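One letter stands for each residue in the lines below.
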Amino acid sequence: MNYRINKSFPTSHEVNYLIFFDFDETYFPHDCTDELLNNLYELEEYLNNLVHKRFVKIGWITGSDLNQIVHKMERANISYSPHFIASNLGTEVYNVRENGELLINKEWENRLTKANFSNDKVKELINELDNVYKIKLVEQTQFGQKRYKFNYYYFEKSKTQSQYDLKIIRHLAKINGIGININQCNPKAGDPEGAFDVDFIPHNTGKKEVVKFMINYYQVPLVNTIAFGDSGNDIEMLKTVKHGYLLGNATEEAKGLHDKVTVSHYSSGILEVLKNIF
């Protein structure tokens, strides 16, 4: 793939640890204040040292696509790219060369091509929800739909009605062999208030599956795996590794689902955990 981003952290054939980061509101702070960015630059230097001394591989697993990632990296003046990026909610996986060149992970791509997933299949499900169950999903058009990820909003009604509707959405996705991610939107990341993200993806993909894949890909023992996130769609990823933490700035929904939470926010919370582990 002829796509290049910032140089990655140094690479090594030996891999002893894996660190997975959600991107938005975890690694990348949307407010981009001087304090938050200075903390981020401190984190970058700390990670650079870890890569040299402890043979660490670093990855971003994010709902953002590559164009969004590049824009945010420029906005925050991020110096280093990770060793791999799982974009569009982990449906696309790229290895990053030290010069910043992105290469599609062919093993992951083979998994996707074997999945029985298509726009038509998702559209049929959306129509059934509307016509049979009177559940309306609103297409997220601001960034366009992707090859392997289709984004919708579900706008919350009463709590009881919403729980019922979301249960039906999950059930229909399951019986149609479609993967699904549902989590409460985070307005700090640019989402509307009172809404849920509803993402349709191929079966056996998503953040949790990427983590499992990468642990096997790099042959790293589970005890040496670490992950950080801030929202409901990070919970399964955090539970898949040995050391999975929500940051102090995480959503209340997420904090109700996972009990490992840092005291500090954003990069400071990440450093809090890493300095304790290493």
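Below is a short write-up of the structure. As the structure is a computational prediction, the values presented were derived from the model and not from experiment. (Residues numbered from 1 in each chain as written. Predicted model: local features only at pLDDT ≥ 70, side-chain atom pairs only at ≥ 80, totals over all residues. Heavy atoms only, no water.)

## Some words on the overall build of the protein chain
How we decide: For the purposes of this entry, the term helix denotes a DSSP run of H or I that reaches at least four residues, the term strand denotes a run of E that reaches at least two, and both are numbered from the N terminus. Taken over C-alpha atoms, the radius of gyration is set against a globule rule of 2.2 Å times the number of residues to the power 0.38. Burial status follows relative accessibility: with a 1.4 Å probe on protein chains alone, a residue under 20% of its type maximum counts as buried, one over 50% as exposed, and anything between as partly exposed. The contact criterion used is simple: two residues touch if any of their non-hydrogen atoms lie within 4.5 Å. Throughout, the Shrake-Rupley method with a 1.4 Å probe supplies accessible areas, and for residues the shown protein chains are the sole cover considered. As used throughout, the charge tally considers Lys and Arg to be positive and Asp and Glu to be negative, leaving His and the chain termini uncounted. For charged residues, the charge sits on one atom: NZ in Lys, CZ in Arg, CG in Asp, CD in Glu.
Along its length, the protein chain carries nine helices and 11 strands. Relative to its length of 278 residues, the protein chain is compact, with a C-alpha radius of gyration of 18 Å against a globular reference of 19 Å. Along the longest, intermediate and shortest principal axes, the C-alpha atoms of the protein chain span 60 × 40 × 35 Å. Taken across its 278 residues, the protein chain has 55% of its residues classed as buried. For the protein chain, contacts bridging at least 24 residues in sequence account for 64% of all contacts bridging at least 6. Carbon and sulfur atoms provide 46% of the accessible area of the protein chain, an area that totals close to 12900 Å². Within the protein chain, the 36 negative side-chain charges are centred at a point lying 6 Å from the centre of the 32 positive side-chain charges.

## Digging into empty space enclosed by the protein
Condition: In the cavity and pocket records, a cavity denotes points on a 1 Å grid over the protein atoms alone where a 1.4 Å probe fits but cannot get out, a pocket denotes an open set with protein on both sides within 12 Å along at least 5 of 7 lines, and lining residues are residues with an atom within 4 Å of a point. Grid points are joined across faces, edges and corners, and a volume is the space filled by probe spheres set on the points. Just so you know the grouping, Ala, Val, Leu, Ile, Met, Phe, Trp, Tyr, Cys and Pro go in nonpolar, Asp, Glu, Lys and Arg go in charged, and all remaining residues, Gly too, go in polar.
Taken as a whole and judged by the stated rule, the model has one cavity of 30 Å³ or more. Taken together, the residues that form the lining of the largest cavity break down as four nonpolar, three polar and two charged.

## Quick word on the packing of helix H4 (residues 119-133) against helix H5 (residues 159-175)
To describe two helices that pack against each other, one gives the angle between their axes and the distance between the axes. Inclusion rule: Throughout, an axis means a line fitted to C-alpha atoms (over the contacting stretch in the case of helices), and angles, computed between N-to-C directions, take values from 0 to 180 degrees. Here is the rule for angles: anything less than 35 degrees is roughly parallel, anything more than 145 is roughly antiparallel, 65 through 115 is roughly perpendicular, and the remaining ranges are oblique. It is the rotation of the near helix from the far one that decides the hand of a crossing: anticlockwise by less than a right angle makes it left-handed, clockwise makes it right-handed.
With their axes 11 Å apart at the nearest point, H4 and H5 run at an angle of 135° to one another. Taken together, the axes of H4 and H5 are oblique relative to one another. Seen along the crossing, H4 lies across H5 with a hand that is right-handed. Residues Leu125, Glu128, Leu129 and Tyr133 of H4 lie in contact with H5, whose contacting residues are Ile168, Ile169, Leu172 and Ala173. Of the residues belonging to the contact of H4 with H5, the class tally is seven nonpolar, no polar and one charged.

## Here's the deal with the pairing of strand E8 (residues 178-184)
Defined as follows: Strand pairing is assigned whenever DSSP identifies at least 2 bridges connecting the two strands.
Of all seven residues in E8, five are buried, a share of seventy percent or more. Here E8 pairs with strand E9 (residues 195-202) via seven bridges, running antiparallel. Along E9, the bridge assignment pairs asparagine 183 with aspartate 197.

## Points about the sheet that holds E9
Backbone-to-backbone hydrogen bonds join strands into a sheet, with any given pair of strands oriented parallel or antiparallel. Strand order in the open sheet formed by four strands is E6-E7-E9-E8, and the pairing between neighbours is antiparallel. Strand pairing shows two members of the sheet lacking a second neighbour, strand E6 (138-139) and E8, which therefore form its edges. For strand E7 (residues 150-155) and E9, the ladder comprises six bridges, and the chain directions are antiparallel. Across the sheet, residue tyrosine 154 finds its bridge partner in E9, namely phenylalanine 196. With respect to the sheet, H4 is in contact with E6, E7, E8 and E9, its orientation differing from that of E7 by roughly 15°. Helix-sheet contacts for H5 involve E7, E8 and E9, and the interaxial angle to E8 is about 160°.

## Some words on the packing of aromatic side chains
Condition: Any two of the Phe, Tyr and Trp rings considered here, Trp counted by its six-membered ring, make a pair once their centres fall within 6.5 Å; the pair's planes then place it as stacked at under 30 degrees, edge-to-face at over 60, or tilted in between.
Applying the stated rule across the entire model yields 17 aromatic pairs. On the numbers, 4.6 Å between centres and 45° between planes, the contact of phenylalanine 23 with tryptophan 60 is tilted. Separated by 37 residues along the polypeptide, phenylalanine 23 in the loop between strand E1 (17-21) and helix H1 (34-54) and tryptophan 60 in strand E2 (residues 56-61) bring together distant segments of the chain. With relative accessibility at 0%, the residue phenylalanine 23 sits in the buried group. An angle of 55° between the planes, with centres 5.1 Å apart, marks the rings of tyrosine 27 and tryptophan 60 as tilted. With tyrosine 27 in the loop between E1 and H1 and tryptophan 60 in strand E2, the pair connects residues that are 33 residues apart, well separated along the chain.

Read these as spatial facts, not as claims about activity.
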